[in-house]
Amino acid sequence: MDVSKTKSSFYRRLYVAWLIDSGLAPSVPALIEVTGMPRRTAQDTIAALADLDIVCEFEQEEGARNHAGRYRIREWGAIDRGWIEQNLRQIKTVLEYP
């Protein structure tokens, strides 16, 4: 399937936000495990969520060291989370994720 970089980048951001919000992958190691994406891609994708007005915040675990914790989606902006759920199969196919 021939997909533009713009579309794949957009879908990747939507999927990562959905994974974080659903609790299936609330950390970088969990995102790597679920998607198989490289660490740097996972980190860059989380940072790029703000470009879509998705507010994603890191919550440090109390008493933990070395940035142990989880991400949470605080605000979806103009993105419809329901659309993502309805189109998960297509998103994962475009991204070639399991």
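Preceding this paragraph is the structure being described.
Residues numbered from 1 in each chain as written. Predicted model: local features only at pLDDT ≥ 70, side-chain atom pairs only at ≥ 80, totals over all residues. Heavy atoms only, no water.

1. Re the packing of helix 1 (residues 5–22) against helix 3 (residues 39–48)
- Contact pair helix 1 / helix 3: the axes reach a minimum separation of 9 Å and the direction vectors enclose 90 degrees. Overall, the two elements helix 1 and helix 3 adopt an arrangement that is roughly perpendicular. Contact with helix 1, carried on its side by Arg-12, Arg-13, Val-16 and Ile-20, involves Thr-41, Thr-45, Ile-46 and Ala-48 of helix 3 and no other residues of that element.
- Among the residues forming the contact of helix 1 with helix 3, the class breakdown is four nonpolar, two polar and two charged. (Axes fitted to C-alpha atoms, helices over the stretch in contact; angles between N-to-C directions. Helix = DSSP H or I, 4+ residues; strand = E, 2+ residues; numbered from the N terminus. Parallel < 35°, antiparallel > 145°, perpendicular 65-115°, else oblique. Contact = heavy atoms within 4.5 Å. Nonpolar A, V, L, I, M, F, W, Y, C, P; charged D, E, K, R; others polar.)

2. As for unusual backbone geometry
- Positive phi, close to 65 degrees, is recorded for Asp-53, a residue that is not glycine.
- Along the chain, Asp-53 falls in the loop between helix 3 and strand 1 (55–60).
- The exposed category is assigned to Asp-53, whose relative accessible area is 55%.
- Phi angles above zero are rare outside glycine, and Glu-96 is one such case at about 60 degrees. (Buried < 20%, exposed > 50% of the residue type's maximum accessible area, 1.4 Å probe, protein only.)

3. Structural notes on the packing of helix 1 against helix 5 (residues 88–95)
- In the contact formed by helix 1 and helix 5, the axes pass within 10 Å of each other and the chain directions differ by 125 degrees. The orientation of helix 1 with respect to helix 5, classified from their angle, is oblique. As helix 1 packs across helix 5, the resulting crossing turns out to be left-handed. Contacts from Lys-7, Ser-8, Tyr-11, Arg-12, Tyr-15 and Trp-18 of helix 1 reach helix 5 at Leu-88, Gln-90, Ile-91, Lys-92, Val-94 and Leu-95.
- Residue composition of the contact of helix 1 with helix 5, grouped by class: seven nonpolar, two polar and three charged. (Left-handed = near helix turned anticlockwise from the far one by under 90°.)

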